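# Inside the fold
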Amino acid sequence: MIEVTDLVKRYAGITAVDRISFKVEPGEIVGFLGKNGAGKSTTMKMLSCFFPPTSGSARVAGFDCVTDSMEVRRRIGYMPERVPIYDDMRVEEYLNYRAQLRGVPRRERSHAVNEVISTIALKDVRRKLIGSLSKGYRQRTGLAEAIIHKPGLLILDEPTAGLDPGQIRQVRDVIKDLGKRTTLLLSTHILSEVELTATRILLIHRGRIVANGSPGSLVGGAQKTRRFHAEIRGPAPMVAAMLKGLPGVVDISFEAGEEWHAFTLESDPATDLRADAAKFIVDNGWDLRELREEKMTLEDLFVRITTTDEAAPMVKPSAAAAPPESPAAEGATS
Amino acid sequence: MTNLPALTKREFTANFYSPMAYVISTFYLLFAGLSFYVLLRDQRDANAMRSLLTFFGFIHTIFIPMVTMRLISEERKSGTLEMLVTAPVSDTEIAISKFLGATLFIALMVAPTILYSWVLQRIGGRPDYGMIKASYIGLMLLSMAYVAIGLFISSLTANQIVSAILTFVVLFTLFFLMGFLTSAVDTLPFGKTIPWADVLSYVYFGVHLQSFGKGLVDSRDVVYFLSIVVLGIFATIKSLESRRWR
């Protein structure tokens, strides 16, 4: 659906997007992740034909974004970050106008408008001025506009930015629902959001793609060991020394407390220490009140990648290249 | 050009979404009515309408920038331009629809003044309808040229006030300063001439307005105004396209 090759965008002296390449297959929901200013919006603006790349190419549904811009524009729905829509129009009037621009035939227009109004749940505000809407409804109006012509590809730039938790949930549900029907590329810096909605993640940092894969595989790939957290009552140094002898334990450290001590155990990825460790501790007559695995979250990965100063990819390209096929299949079956 | 009707309709109606349109047209009609009244006190002949319409050419240099200032500046500022140019709509359609939307609004604003000729007839002024028709055609062509210039300037900035002031300055220069220079050509002492005087007088709006006032629709003048319109729209298209190479 999307094919980006060596895409570069330079503004006055700054390279906002630096030779990125990626593919998006039909049916995928791809989360575009990165800090503010990483190049997410710039890439999306090139895909939506707002401006052309400095070099490289972007193709949507086989059409080049520069030479066949009209064809590309007909096939996508795009919602920019600030949701720039006319404040002085009414919701229904605006949707009708945009449907006309999007080339929805006259006869189907009112049907198309009614359909998006019910899918996006805009019934209550259909006759309201857009300028008087709450941020959540405004965002939804933007979404409704983006899908009114049933595009094959939906590009959403920070669709939940600035919403309250309730509204975020609503918009996320709408997006998830839309993902069943179209290919979706959405950007965000709210990590829980991509974990919940995306089948694949593109992590972009300083204009480069530094990770590419399903949320699970990315986190798994970046993790060399499994970490467990345990709170034990007993002679801490001795406990540590003896736990180290358990099969599979790579490293152990502890933080002594007054009575209870916090231990961090690391094992090789193949071993789940929990059962063995619990038994071992209890058998030795010590007390155990907590034992859990500390899973690396997407957030940890995100922070780890984006806080390093080197632009070199943290996740090995080999790990990054493999996953794309499987999420595509998942996306198709769900 | 299939999107032109939809776009033009939006551009035209957008004028009425804000109170601006009502304020502008109210003041315009107030101003026009007052000028007509003053004019009638010492001139009730066939020439009254002609003088009035020439005077309108002047007040349009103030009113038209107020109409054209929002055309593109507003969309740039609010970001809606991004939505407009990423829709399957060509830059040419955008520029033309904005031009038409503003021109239609101005035509609507001027329309009530047609009643003045009826008033003139009622008070025994014996208006010359041919002359009046030609004058209106001239006034509209002049206004279209103004709109095209205003449209282009509006495409350069995201600030509506800057857009309005700059448009006013340009229109004022073209209408007055050049008029002053052209008339000064004849009065320079010692037979000196201003260089480029003939070019200057060709570019001057007033010269092209004169024959309309006499009841003549000269194709040269029509071409002159229409070429400014085409130039203005073309420059606007280029300015919209500039996002592609900036």
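## Topic: the packing of helix α3 (residues 91-101) of chain A against helix α1 (residues 4-17) of chain B
Viewed as axis vectors pointing N to C, α3(A) and α1(B) meet at an angle of 155°, and their least axial separation amounts to 10 Å. Relative to α1(B), α3(A) is oriented roughly antiparallel. Crossing geometry of α3(A) relative to α1(B) is assigned as left-handed. Where α3(A) abuts α1(B), its residues Glu93(A), Tyr97(A), Gln100(A) and Leu101(A) lie against Ala6(B), Leu7(B), Arg10(B) and Tyr17(B). Of the residues assigned to the contact of α3(A) with α1(B), the class counts are five nonpolar, one polar and two charged.

## What about the pattern of salt bridges?
By the definition in use, this model includes 33 salt bridges over all chains. Here Lys98(B) ties to Glu75(B) by a salt bridge, and the two come within 2.8 Å at their closest N and O atoms. One end of the pair, Lys98(B), is in helix α6 (residues 91-110); the other, Glu75(B), is in helix α4 (residues 73-78), and 23 residues separate them in sequence. Exposure class is identical for Lys98(B) and Glu75(B). Each is buried. Overlapping salt bridges, with partners in common, bring together Arg227(A), Glu266(A), Glu290(A), Arg292(A) and Glu294(A) in one network.

## A closer look at the interface of chain B and chain A
Size of an interface: often given as the accessible area lost when the parts come together. Tallying the contact residues gives 21 residues for chain B and 25 residues for chain A. Summed over both sides, the interface of chain B with chain A buries roughly 2,400 Å², with 56% coming from carbon and sulfur. At the junction of chain B and chain A, the tally comes to two salt bridges. The shortest N-O distance in the salt bridge between Lys45(A) and Glu82(B) comes to 2.9 Å. Viewed at the interface, chain A and chain B are joined by 11 residue pairs in polar contact (both at pLDDT 80 or more). Residue assignment for the side of chain B that touches chain A shows that the elements contributing at least two residues are α1, α4, α5 (80-86) and α12 (219-245) of chain B. For the side of chain B that touches chain A, the leading source of residues is α5(B), giving six residues. Residues of the side of chain B that touches chain A, tallied by class, amount to nine nonpolar, six polar and six charged.

## Observations regarding the domain arrangement of chain A
The assigned domain composition of chain A is domain 1 (2-220 + 300-321) and domain 2 (225-294). Once you take the C-alpha centre of each, domain 1 of chain A and domain 2 of chain A turn out to be 45 Å apart.

## Side note on the state of the cysteines
Residues and elements named next belong to chain A. Following the criterion strictly, the structure yields zero disulfides over all chains and no others. Just so you know, Cys-49 is unpaired, no disulfide at all, and the nearest cysteine sulfur is the one on Cys-65, 4.3 Å from it. The class of Cys-49 is buried, set by a relative accessible area of 3%.

## Examining the sheet that holds strand β13 (residues 260-267) of chain A
All names here are of chain A. As summarised here, the arrangement of the four strands in space is β12-β13-β11-β14, forming an open sheet in which the pairing is antiparallel. At either margin of the open sheet sits one strand with a lone partner, and together these are β12 (249-255) and β14 (287-294). Strand-to-strand twist across the sheet, computed as the mean angle between neighbouring axes with direction ignored, equals 20°. Strand direction decides the pairing type here: β12 and β13, joined by six bridges, are antiparallel. Looking across to β13, one finds that Val-249 is bridged to Ser-267. In the packing of helix α9 (residues 236-243) onto the sheet, contacts are made with β11 (226-233), β12 and β13, and the angle to β12 comes to roughly 170°. Here helix α10 (residues 274-283) sits on the sheet in contact with β11 and β14, set at roughly 165° to β14.

## Re the packing of helix α3 (residues 48-68) of chain B against helix α7 (residues 115-122) of chain B
Residue and element names in this part refer to chain B. For the pair α3 and α7, the least separation of the axes is 11 Å and the interaxial angle reads 150°. Viewed along their axes, α3 and α7 adopt a mutual orientation that is roughly antiparallel. The element α3 and its partner α7 pack so that their crossing is right-handed. Every residue of α7 that contacts α3 at Ala-48, Met-49, Leu-52 and Phe-56 is listed here: Tyr-116, Ser-117 and Leu-120.

## Remarks on the packing of aromatic side chains
The way to describe two aromatic rings as a pair is by their centre distance and the angle between their planes. Applying the stated criterion across every chain yields a total of 18 aromatic pairs over all chains. Consider the rings of Tyr28(B) and Phe63(B), whose centres lie 5.3 Å apart with planes at 85°: the pair is edge-to-face. A residue pair is termed long-range when its members are at least 10 positions apart, and Tyr28(B) in helix α2 (residues 20-42) and Phe63(B) in helix α3 qualify at 35 residues. For the pair Tyr28(B) and Phe63(B), one class covers both residues: buried. Where Phe55(B) meets Phe58(B), the ring centres are 5.6 Å apart and the plane angle is 50°; that geometry is what we call tilted. Of the two residues, Phe55(B) and Phe58(B) both sit in helix α3, three residues apart, roughly one turn of that helix. Judged by its relative accessible area of 31%, Phe55(B) is partly exposed. Given a relative accessible area of 23%, Phe58(B) falls into the partly exposed group. We note Lys9(A) situated over the ring of Phe51(A); from NZ or CZ to the ring centre the distance is 4.5 Å. Between the NZ or CZ atom of Arg10(B) and the centre of the ring of Tyr86(A), over which it lies, the distance is 3.5 Å.

Calculation criteria
- Residues numbered from 1 in each chain as written.
- Chains lettered and ligands numbered in written order.
- Predicted model: local features only at pLDDT ≥ 70, side-chain atom pairs only at ≥ 80, totals over all residues.
- Heavy atoms only, no water.
- Axes fitted to C-alpha atoms, helices over the stretch in contact; angles between N-to-C directions.
- Helix = DSSP H or I, 4+ residues; strand = E, 2+ residues; numbered from the N terminus.
- Parallel < 35°, antiparallel > 145°, perpendicular 65-115°, else oblique.
- Left-handed = near helix turned anticlockwise from the far one by under 90°.
- Contact = heavy atoms within 4.5 Å.
- Nonpolar A, V, L, I, M, F, W, Y, C, P; charged D, E, K, R; others polar.
- Salt bridge = Lys/Arg side-chain N within 4 Å of Asp/Glu carboxyl O.
- Buried < 20%, exposed > 50% of the residue type's maximum accessible area, 1.4 Å probe, protein only.
- Buried area = accessible area lost by both parts, 1.4 Å probe.
- Polar contact = N/O pair within 3.5 Å; in protein donor to acceptor, adjacent residues only side chain to side chain.
- Domains from an automatic or database assignment.
- Disulfide = S-S within 2.5 Å.
- Pairing = 2+ DSSP bridges.
- Phe/Tyr/Trp six-rings, centres within 6.5 Å; stacked < 30°, edge-to-face > 60°.
- Lys NZ or Arg CZ within 6 Å of the ring centre and 35° of its normal.

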